[in-house]
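# Architecture and fold: a report
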Amino acid sequence: MRNNSVIVFVLAMTLIVGTILTALFMWLSPRFKVNEILANKKAVLTSVESYLPNKVKDLENEAVEEIFRSNVEQYVVDFEGDPVDQDIIINAGYPSGMAEEIDMAKEEKKAEEDKLFPVFVYQAENGDKVYVTSVRGNGLWDKIWGNVAIKDDFNTVAGVAFDHKGETPGLGAEIKDNPAFGAQFAGKQIFNAAGEYVSVNVQKGGAREAYAQYEVDGITGATITANGVRDMMYNGIQDYLPYFEKVQGESK
Amino acid sequence: MAETATTTVVKTDEPKLPFGKKERRLITDPLGDNNPITIQVLGICSALAVTTQVIPSVVISIAVIFVCAFSNVIISMLRNHIPKQVRMIVQLVVIATLVTVVEFVLKAFSYDVYKQLSVFIGLIITNCIIMGRLEAFAMANNPWRSFLDGIGNGLGYGAILVAVAILREFFGKGAIAGMQIIGPNADYLINTSESWLFGWYAPNNLFVFPPAAMFIIAVMIWIQRTYRPNLVDIS
């Protein structure tokens, strides 16, 4: 008999707790979504921060939305660089059908031909057009990801913004915390003189003079994270090359 | 049973929410002579992990105060009905529920802080202080006193956490609560690359790493026991 009362107690407790948490989640989840999209927009803008009058962290949420409305066009492309139908995006679990909603963590697990790649085209006040890509890779402890902005020569990096899940503060976390690391990428080129795709190399011990066009300094004590950034840049931007070629082809 | 014996002692004809000398001590003791970190040496793991910056430390402290106080109240209200065999599980479920509520609220209303703290919010569940207070206090006291005890221990934990975070953020990053005070570029109040007086100064990266919290807390324990020799060896 005593055992029965224990079981009843545990079942009742589970039911009550489950109901409370589910209700709370249902009530708040629209806000979660809004926050995630806003954070994604801020990350995109951080990669083109050099074109903005203010730093992104000083921008009000409304100002971020305003920049997105007036200066940013967003597209979703597939691995061949072709635009993806709205229906396919919605069926992939993104009800808004917009690039801003795309979750790279989810896309990463898909087969190459099913992946969706968000593209944000930022129209700067000075007339420059910048293409912001989303990349994702592995750091030392966990995932790292970021946005890479490429100028409309489809060769020069305009800026980057990296983030990470669990890199060590003071070492691997410097890819986000130390603005000087990200600032090195601006102006680097992803193709070498012979026109081959090389991405940007993060070089342990410092960028070598002969390769200064596409090499940046690594981070002392964080070689694995830095190599992760290198691989993420290489693989991530490579996925966008077909799209870049198509845009270049159209404009000619 | 031990629980019922103690509860009968506390039940007297006092006003509903008394705040006398005894109740006041429930709040003040954990701030000094019965501090959960420096005396009971509980909750050390999170004190090492989150104290690199002041603002996350404050948020975690508020979360712990909330979880500690309300899990104490809930367990105290249920204390005579909880089957003995599943006592610990029930405590853990109550804690986990409250922590999940905190996580949802932060994620919905303060997303930046939520992202910064990420896994550490969930780790409040494993904070020994909370479970320790449930077992040691809430299971044997009425809800009001348990509530005060929860607030007191949360505050005691938070006070140490914030103190450690101020030291670590200042010496490790030259800032306090995000205000940049001393560092090598123009964003800082004192720009060491230009100042003739502070040109020698460089932030000590050691303070950013977890071992720094270990020795800062150890020094705090040392100082506290030097001034109060009667605290030596009671924990």
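Scroll up a little and you will see the structure.
Presented here is an overview of the structure given in this document. Keep in mind the model is a prediction, meaning the values are calculated, not measured. (Residues numbered from 1 in each chain as written. Chains lettered and ligands numbered in written order. Predicted model: local features only at pLDDT ≥ 70, side-chain atom pairs only at ≥ 80, totals over all residues. Heavy atoms only, no water.)

### Comments concerning the sheet that holds strand S1 (residues 72-77) of chain A
Residue and element names in this part refer to chain A. As summarised here, the arrangement of the 5 strands in space is S1-S2-S3-S4-S5, forming an open sheet in which the pairing is antiparallel. The sheet terminates laterally at S1 and strand S5 (157-164), the two strands that pair on one side only. On average, each strand axis in the sheet is tilted by 20° relative to the strand beside it, whichever way the strands run. Here strand S3 (residues 129-138) pairs with strand S4 (residues 143-151) via 9 bridges, running antiparallel. In the sheet register, Arg136 faces S4, and the bridge partner there is Trp145. Across the sheet, helix H7 (residues 223-238) touches S3, S4 and S5, and the angle it forms with S4 is around 50°. Against the sheet, helix H8 (residues 241-251) engages S1, strand S2 (117-123), S3 and S4, with an angle of about 170° to S3. (Pairing = 2+ DSSP bridges. Helix = DSSP H or I, 4+ residues; strand = E, 2+ residues; numbered from the N terminus. Axes fitted to C-alpha atoms, helices over the stretch in contact; angles between N-to-C directions. Contact = heavy atoms within 4.5 Å.)

### Here we look at the side chain of Arg168 of chain B
Residue and element names in this part refer to chain B. With respect to the element layout, Arg168 can be found in helix H9 (residues 143-173). Notably, Arg168 is buried but unbridged: the nearest opposite-charge side chain belongs to Glu169, and the N-O separation is 9.6 Å. Within the local environment of Arg168, its side chain forms a polar contact with the backbone oxygen of Leu48, the two atoms lying 3.0 Å apart. Ignoring any residue separated from it by four or fewer positions in sequence, one finds Arg168 in contact with Ala47, Leu48, Thr51, Thr52, Lys173, Phe207, Val208, Phe209, Pro210, Ala212, Ala213 and Ile216. (Buried < 20%, exposed > 50% of the residue type's maximum accessible area, 1.4 Å probe, protein only. Lys, Arg positive; Asp, Glu negative; His and termini not counted. Salt bridge = Lys/Arg side-chain N within 4 Å of Asp/Glu carboxyl O. Polar contact = N/O pair within 3.5 Å; in protein donor to acceptor, adjacent residues only side chain to side chain.)

### Section: helix H10 (residues 210-227) of chain B
All names here are of chain B. With 18 residues, H10 should cover 26 Å at 1.5 Å per step; its first-to-last C-alpha distance of 27 Å lies within 8% of that length. For H10, the complete set of buried residues consists of Ala212, Ala213, Ile216, Ile217, Met220, Ile221, Gln224 and Arg225. Here the buried face of H10 lies against helix H3 (44-49) and H9. (Expected span 1.5 Å × (residues − 1).)

### Quick word on the interface of chain A and chain B
In this complex, chain A contributes 23 residues to the contact, which on the side of chain B involves 23 residues. Of the roughly 2,100 Å² buried where chain A meets chain B, counting both sides, 72% is carbon and sulfur surface. The tally of links from chain A across to chain B stands at 3 residue pairs in polar contact (both at pLDDT 80 or more). Per element, the largest residue contribution to the side of chain A that touches chain B is 17 residues, and it comes from helix H1 (residues 2-47) of chain A. When grouped by side-chain class, the residues that make up the side of chain A that touches chain B number 13 nonpolar, 4 polar and 6 charged. (Buried area = accessible area lost by both parts, 1.4 Å probe. Nonpolar A, V, L, I, M, F, W, Y, C, P; charged D, E, K, R; others polar.)

By themselves, these observations are geometric and do not establish any function.
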